[in-house]
Structures are given as structure tokens and as C-alpha cells.
Amino acid sequence: MIIVFGSANVDLVMALPSLPAPGETVLTEGYQAVPGGKGANQALAACRAGSDTTFVGAVGEDAYSELALSLLSSEGVDLSPVKFSDRPTGCAVVMVDDDGENAIGVASGANLDVQAGQINDQLLQKTDVLVLQQEVPVEQNAELARRARAQGVEIVFNLAPAARVPDEFLADVDYLIVNQVKAAFLAGEADPGEVHTLAHTLARDHNLTTIITLGAEGAHAVSGDEIHSISAPVVEVVDTTGAGDTFTGYLAAGLAAGKPLKQCLSQAVGAASLACTRLGAQSAIPKAGQLTELSVPG
Ligand code: RIB
């Protein structure tokens with residue numbers, strides 16, 4: 001069983017001919033309001049990968065709360081630990097250009113009230129993998145990681161978006177998923193340099209498995225003596241929003257199912273690549289059966 005502890009948002013998605021520069025206004029015809037948030041996206045990805053998944057987050061008592069949780073609810077993710085907050089439901093403005101690149105602004109709202117105490121120890125005892133990211137308060141992530149570690153739960157941490165991460169928290173993490181730029185930031189390097197050196201440095205310094213996501217180039221992982229470089233299939237990119245979340249959810253699902261790391265990585269890269277071929281975050285997350293379209297090993 002997987003617990004994803006994190007954010008839920010409503011995404012206001014607009015496809016623009018180009019992303020606005022500072023001070024610029026770019027017009028487009030319309031927009032879609034759809035469920036998003038890194039935590040909720042990762043929970044849906046784990047669920048679509050076939051895992052029994054619980055999402056733990058917070059929403060406001062407002063019109064957006066139902067939309068934010070709608071796909072998680074309809075696809076059978078357990079939402080019983082989700083709480084209501086006095087703040088509004090989180091909301092993201094997601095702008096996507098003609099090349100599929102995006103720029104995202106997030107109003108955190110209720111996500112700031114997500115608390116480790118929403119999960120009791122009985123639930124942690126039944127959990128194989130806990131998934132964390134950076135859109136809820138870091139001290140709540142740290143508290144939950146410490147409790148989960150004591151119960152023998154494997155902890156997957158996606159360092160996104162970039163923010164300060166205490167070393168004591170990283171000491172409780174088993175799998176660190178991070179892109180190359182954020183990996184360099186974490187390692188204290190000004191220049192990302194060579195990806196394997198970076199992954200190896202982080203794995204050694206924090207005693208964890210490092211997985212560096214490389215966009216269209218796939219992913220590189222260092223886990224003790226194990227090294228895996230996984231190439232991504234070539235796809236026609238429409239929108240990269242949520243690709244990292246799809247990767248994280250699929251990776252966690254593979255780990256919870258006891259699959260070898262290399263197979264977990266291949267499926268995560270395959271699923272993230274497929275997610276880039278459609279507009280939107282949650283709507284673009286593939287179901288496990290669709291990975292065969294890319295000949296990803298099952
Ligand atoms: O990773 C993509 C997500 O980031 C979007 O769904 C948006 O809500 C922001 O949290």
C-alpha cells in the first residue's frame with residue numbers, strides 16, 4: 001500500500017503561443033480548470049499503475065475542493081485522511097507553450113495546513129511506500145518521514161519544487177527523485193556537471209538511492225553499487241506538466257510491488273514519456289496497460 005502525502009490543487013491550464021516574458025501579456029482563446037497538485041498527481045499515477053493508494057492532503061471549504069479531488073475519488077484512491085482547511089483550495093496557473101514547455105504559479109492555500117498528524121501509526125504500519133514532495137510544509141514532511149522510518153516504511157521523496165531541505169530529513173529518505181538542476185543545487189555545485197558524478201555524490205553523502213530525471217533523455221540512478229541509465233522513448237511532446245509526478249507515482253508503485261529497481265525505472269520513464277503526449281497533468285497520466293504502446297517491460 002502507498003501513502004502519498006502532499007498537495008492538491010485546481011489547475012487553470014492555458015495553451016499559449018509563447019510563455020509571457022516579465023511584463024508581457026499573451027492572449028489565448030480559453031482555458032481548462034482541472035485537478036492537479038504534485039501530491040494528488042503522484043497519488044493518481046500510483047493508482048493508475050495498479051497500487052492500492054491513499055492520499056493525505058487538505059482542501060478548502062469552497063467550490064474548488066470537489067474538482068481538486070474528483071479524479072482521485074472516481075478512480076478509487078482512499079481520501080479518508082484528507083481534511084478541510086480554513087484556507088482556499090490550492091490553485092495553480094499552468095501556462096503551456098507550443099513546444100510543450102510550461103511555467104506554473106501556485107497559490108498554496110489549504111496545502112499549507114497539511115499535517116503529519118493526519119496519518120496515524122496504524123495506517124503507517126500497513127504502508128509499504130510513503131511518497132513526499134515539496135508543496136506542503138517541509139517540517140510536516142520531516143515529522144512524517146521520521147515516524148514512517150521508525151515503522152520500516154520505504155520513503156520516496158521528489159524534490160520538487162526546489163526548496164531548502166534539512167539534512168536530518170534527507171537522512172530518513174530512501175529514494176531521492178530530483179532533476180539535474182535541483183540535484184546540483186542540493187550537492188552545492190554551481191554547475192550540474194556530469195550526471196553520474198552528481199547522482200553518486202548525493203547517494204554517498206545522504207546514504208540513499210539517487211534518481212536524477214533527465215527529461216527527454218530518461219533517468220540515471222545510483223543505488224549503492226547499482227547504476228542504471230534508462231533512455232526515454234521518442235514521443236511527440238504536447239505538455240510536460242505532471243511528467244515528473246507520473247514518474248514518481250509509477251516508481252513508487254513498482255517499489256511497493258517489490259519489482260527490481262531497473263524495472264521500476266523503466267516503467268516510470270515510459271509512463272512519464274506517455275504523459276508528455278497529452279495536455280494537462282492528471283488527464284495525461286497513463287494507465288499501466290497503456291505502457292505496452294511504448295514496449296515498456298511490465
Ligand atoms: O507538477 C505539476 C503540478 O505542479 C501541477 O498540477 C500544479 O498543480 C503544480 O502543483
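Residues numbered from 1 in each chain as written. Predicted model: local features only at pLDDT ≥ 70, side-chain atom pairs only at ≥ 80, totals over all residues. Heavy atoms only, no water.

1. Remarks on the sheet that holds strand β2 (residues 9-15)
- Spatially, 4 strands are ordered β3-β2-β7-β8 in an open sheet, and the strand pairing comes out mixed. Looking at which strands have only one partner, the edges of the open sheet turn out to be β3 (32-36) and β8 (102-107). Taking the axes of each pair of neighbouring strands and ignoring which way they run, one obtains an average angle of 25° across the sheet.
- Where β2 meets strand β7 (residues 90-96), 7 bridges bridge the pair, whose relative direction is parallel. What sits directly across from Val13, in β7, is Val94.
- Sitting on the sheet, helix α2 (residues 64-74) is in contact with β2, β3 and β7, with an inclination near 60° to β3. (Pairing = 2+ DSSP bridges. Helix = DSSP H or I, 4+ residues; strand = E, 2+ residues; numbered from the N terminus. Axes fitted to C-alpha atoms, helices over the stretch in contact; angles between N-to-C directions. Contact = heavy atoms within 4.5 Å.)

2. Side note on the site of the ligand
- Taken together, the neighbourhood of the ligand is formed by 13 residues, with Asp11, Gly37, Lys38, Glu135 and Asp245 sitting nearest.
- One nitrogen or oxygen atom from the side chain of Asn9 is found 3.0 Å from an oxygen atom belonging to the ligand.
- Between the ligand and Glu135 there is a distance of 2.7 Å, counted from an oxygen atom to a side-chain nitrogen or oxygen.
- Relative to its unbound accessible surface of 280 Å², the ligand loses 97% to contact with the protein.
- By residue class, the composition of the shell around the ligand is 3 nonpolar, 6 polar and 4 charged. (Near = heavy atom within 4 Å. Polar contact = N/O pair within 3.5 Å; in protein donor to acceptor, adjacent residues only side chain to side chain. Areas by Shrake-Rupley, 256 points an atom, 1.4 Å probe, with all protein chains shown as cover. Nonpolar A, V, L, I, M, F, W, Y, C, P; charged D, E, K, R; others polar.)

3. Thoughts on unusual backbone geometry
- With an omega dihedral of -10°, the bond running from Ala160 to Pro161 counts as a cis peptide bond.
- Note that Pro161 resides in the loop between β10 (154-158) and α5 (167-170).
- In the Ramachandran plot, Asn207 falls in the positive-phi region, its phi being about 55° despite a non-glycine side chain.
- Mapped onto the fold, Asn207 is located in the loop between α7 (195-206) and β12 (209-213).
- Looking at Asn207, the relative accessible area reads 67%, which means it is exposed. (Buried < 20%, exposed > 50% of the residue type's maximum accessible area, 1.4 Å probe, protein only.)

4. A short note on the packing of helix α8 (residues 243-256) against helix α9 (residues 261-275)
- Interaxial distance between α8 and α9 falls to 8 Å at its minimum, and their mutual angle equals 150°. In terms of their interaxial angle, α8 and α9 are classed as roughly antiparallel. Note on packing geometry: the crossing formed by α8 with α9 is right-handed. Across the interface between the two elements, Ala243, Thr246, Phe247, Tyr250, Leu251, Gly254 and Leu255 from α8 touch Cys264, Leu265, Gln267, Ala268, Val269, Ala271, Ala272 and Ala275 from α9.
- Taken together, the residues of the contact of α8 with α9 sort by class into 12 nonpolar, 3 polar and no charged. (Parallel < 35°, antiparallel > 145°, perpendicular 65-115°, else oblique. Left-handed = near helix turned anticlockwise from the far one by under 90°.)

5. Things to note about the sheet that holds strand β1 (residues 2-5)
- Judged by pairing direction, the sheet is mixed, and its 8 strands sit side by side in the order β4-β1-β9-β10-β11-β12-β13-β14 without closing on themselves. Two strands lie at the open edges of the sheet, namely β4 (53-56) and β14 (226-230), each paired on one side alone. The sheet shows a mean angle of 15° between the axes of neighbouring strands, direction not considered.
- Direction of pairing for strand β13 (residues 219-223) relative to β14: antiparallel, over a ladder of 5 bridges. The partner of His220 across the bridge, within β14, is Ser229.
- Lying on the sheet, helix α4 (residues 138-150) is in contact with β1, β9 (129-132) and β10; it crosses β9 at an angle near 170°.

Nothing here speaks to function; it is geometry throughout.
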